[in-house]
Amino acid sequence: MNFLHYQQDKLFVHQQSIADLAKRYGTPLYVYSENYIKKQWTEFNDALKGRKHLICYAIKANSNLAILSTLAQLGSGFDIVSQGELERVLKAGADPKKVVFSGVAKSVSEIERALEVGIKCFNVESEAELLRIQDVAKRLNKIAPISLRINPDVDAKTHPYISTGLRENKFGISYQLARQVYQRATTLSHIAIMGIDCHIGSQLTELSPFLDAADRILALVDELKSDGIIIKHIDFGGGLGVCYDDEVPPTSADLVAALLKKLDNYQDIEILFEPGRSIVANAGLLVTKVEYIKHQDDNHFAIVDAGMNDLIRPALYEAWMRIIPETQPSADAPNYAYNVVGPICESSDFLGKGRQLAVQQDDLLVVCSAGAYGFSMASNYNSHPRPAEVMVDDTDHRLIRQRESFDMLWQGEIV
Ligand SMILES: Cc1ncc(COP(=O)(O)O)c(C=O)c1O
Ligand SMILES: N[C@@H](CCCC[NH3+])C(=O)O
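The name an unreviewed UniProt entry assigns to the chain is Diaminopimelate decarboxylase, from the organism Orbus hercynius. Recorded in UniProt for the chain, the comment headed Function (unreviewed entry) runs: "Specifically catalyzes the decarboxylation of meso-diaminopimelate (meso-DAP) to L-lysine." We quote the UniProt Subunit (unreviewed entry) comment for the chain here in full: "Homodimer."

Draft legend 1. Region of interest: the nonpolar core. Judged by nonpolar contacts, the single largest core of 116 residues is most densely connected at Val31, Ile133, Ile146 and Val287. With 6 residues, helix α8 (residues 208–226) is the single largest residue contributor to this core. For this core, the two domains that each supply at least three residues are domain 1 (4–32 + 281–409) and domain 2 (34–278). What isoleucine 146 contacts, discounting residues up to four positions off in sequence, is Cys121, Phe122, Val124, Leu130, Ile133, Ala185, Ile191, Ala192, Ile193 and Met194.

Draft legend 2. Geometry of the sheet that holds strand β1 (residues 4–7). Across the sheet, which stays open at both edges, the 3 strands sit in the order β1-β2-β3 with antiparallel pairing between neighbours. One side of each edge strand has no neighbouring strand; the edge strands of this open sheet are β1 and β3 (16–17). Pairing of strand β2 (residues 10–13) with β3, which is carried by 2 bridges, proceeds in the antiparallel orientation. Counted as the bridge partner of phenylalanine 12 is serine 17 from β3.

Draft legend 3. Structural detail: helix α1 (residues 18–25). Considered for burial, the residues of α1 that qualify are Ile18, Leu21, Ala22 and Tyr25. The buried residues of α1 occupy an angular sector of 100 degrees when the element is viewed end-on, so they sit on one face. Exposed side of α1, more than 90 degrees from the buried face: Asp20 and Lys23 are the residues found there. Following α1 by one or two positions, glycine 26 adopts a phi angle in the positive range, close to 80 degrees.

Draft legend 4. Summary view of the UniProt feature "binding site: substrate" (unreviewed entry) in the chain. The UniProt record annotates "binding site: substrate" (unreviewed entry) at Arg277, Arg313, Tyr317, Glu346 and Tyr373. Across 97 residues, the annotated set is spatially dispersed, with a maximum C-alpha separation of 26.7 Å. Tracing the backbone shows arginine 277 in helix α10 (residues 277–280). Discounting chain neighbours no more than four positions away, the residues touching arginine 277 are Ala61, Ser202, Gln203, Val242 and Ala372. In this fold, arginine 313 is placed in helix α11 (residues 313–317).

Draft legend 5. Fine view of the UniProt feature "domain: Orn/DAP/Arg decarboxylase 2 N-terminal" (unreviewed entry) in the chain. The positions that UniProt labels "domain: Orn/DAP/Arg decarboxylase 2 N-terminal" (unreviewed entry) are, in the present scheme, residues 36–281. Along residues 36–281 one finds 41% helix and 17% strand; the C-alpha atoms at either end are 10 Å apart.

Draft legend 6. Expanded view of the packing of helix α4 (residues 83–91) against helix α5 (residues 108–117). At a closest axis distance of 10 Å, the pairing of α4 and α5 adopts a crossing angle of 25 degrees. As summarised for this structure, α4 and α5 are arranged roughly parallel, according to the angle between their axes. For the crossing formed where α4 meets α5, the hand is left-handed. Seen from α4, the contacting residues are Gln83, Leu86 and Leu90; seen from α5, they are Ser109, Glu110, Arg113, Ala114 and Val117. Its residues assigned to classes, the contact of α4 with α5 comprises 4 nonpolar, 2 polar and 2 charged.

Calculation rules
- Residues numbered from 1 in each chain as written.
- Chains lettered and ligands numbered in written order.
- Predicted model: local features only at pLDDT ≥ 70, side-chain atom pairs only at ≥ 80, totals over all residues.
- UniProt positions renumbered as here; feature names shortened; annotations may be inferred.
- Core = buried A, V, L, I, M, F, W, Y, C linked by C-beta atoms within 7 Å.
- Buried ≥ 20, exposed ≤ 12 C-beta atoms within 10 Å, placed from the backbone.
- Helix = DSSP H or I, 4+ residues; strand = E, 2+ residues; numbered from the N terminus.
- Domains from an automatic or database assignment.
- Contact = placed C-beta atoms within 7 Å.
- Pairing = 2+ DSSP bridges.
- Arc of directions from axis to C-beta.
- Axes fitted to C-alpha atoms, helices over the stretch in contact; angles between N-to-C directions.
- Parallel < 35°, antiparallel > 145°, perpendicular 65-115°, else oblique.
- Left-handed = near helix turned anticlockwise from the far one by under 90°.
- Nonpolar A, V, L, I, M, F, W, Y, C, P; charged D, E, K, R; others polar.

Below, the structure written as structure tokens:
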């Protein structure tokens, strides 16, 4: 994150001081580096140069229209999991022919809309879903392009809540059953088999689970070929981890190089990825203000204005996220091991625990690596309006989402 740096003790994002941004837009505030997002996407894309490929950014990680529009302009495809996400990517100017649709519970109306706009592919997660897509496509007189999402029963070696490729997870079709479901698909009049797909989990910091999953997928591609079913694309999903603390995950170039080694004999097959976190996580920060300091017995609390409603990852997964001060303290400032907690009435409402900080009331703190699964998982719990979002580039900044007003909290409610 070299766009984030101290200048004479004050924290800057590119040329913008965090204190100035906080003064202008208030806190809590999400701040993103546009250059970093572009760089991450471009590196992933460049790693696949020379192969037919498509990077489909998983918009669940951060679905702000400004980010989607920036990526659409670079030529990105998109991985969506709901009609809401589909409408977002269309609104951002994306080409529907570059959209893949994942998710275990696609409704009839979602399938109708996706067929109407002409998406690239449905990533089908069950035989029942396949039959529903066939019915809807037949009624609309359309051919539905599909791939089956395979559950390869591979341990992603990540937090159990974000592991998706094990037999007991709800995702995908078991690799032992996949061949017969593909056979079934060949009998359906309004289904076109395009590809095969897997996504085994998120925040993966090793290559081996990706490679194990690839082995299972390629074995299936071979078996399908012998059944006369030709796979036109392989979608390896998302999942590439990032550094929050001291993890050293593979880069996108490492991942692609390792997978391409296995793909020499599959030159005609288009390669897709669905990265989310690795594109945006380290592009984002959450700026928060210390409302109060409380020392009690052995407990030291820095009570800040951002909580689990704004950033749920620490509460939900006990995720560790770096917290740094906006102003570097003097060497002799008293410091304590603070629990950095939010305003929400839940004991799980913390952003970090036991953080050695020298902070005072009204100081600003910055939670790093908050660009993925930050705002997109934010809620209005305890009736807090959701924060504003700001995009910073080399020389300037712009508001990309207004802070919610109180009126917006009860919009749609009926007395
Ligand atoms: C189907 C699918 N694709 C892609 C992603 C993006 O994953 P990540 O943000 O870990 O790259 C997810 C989320 O885990 C997902 O469920
Ligand atoms: N929301 C999760 C990742 C889940 C990805 C979606 N399958 C996180 O914050 O780490």
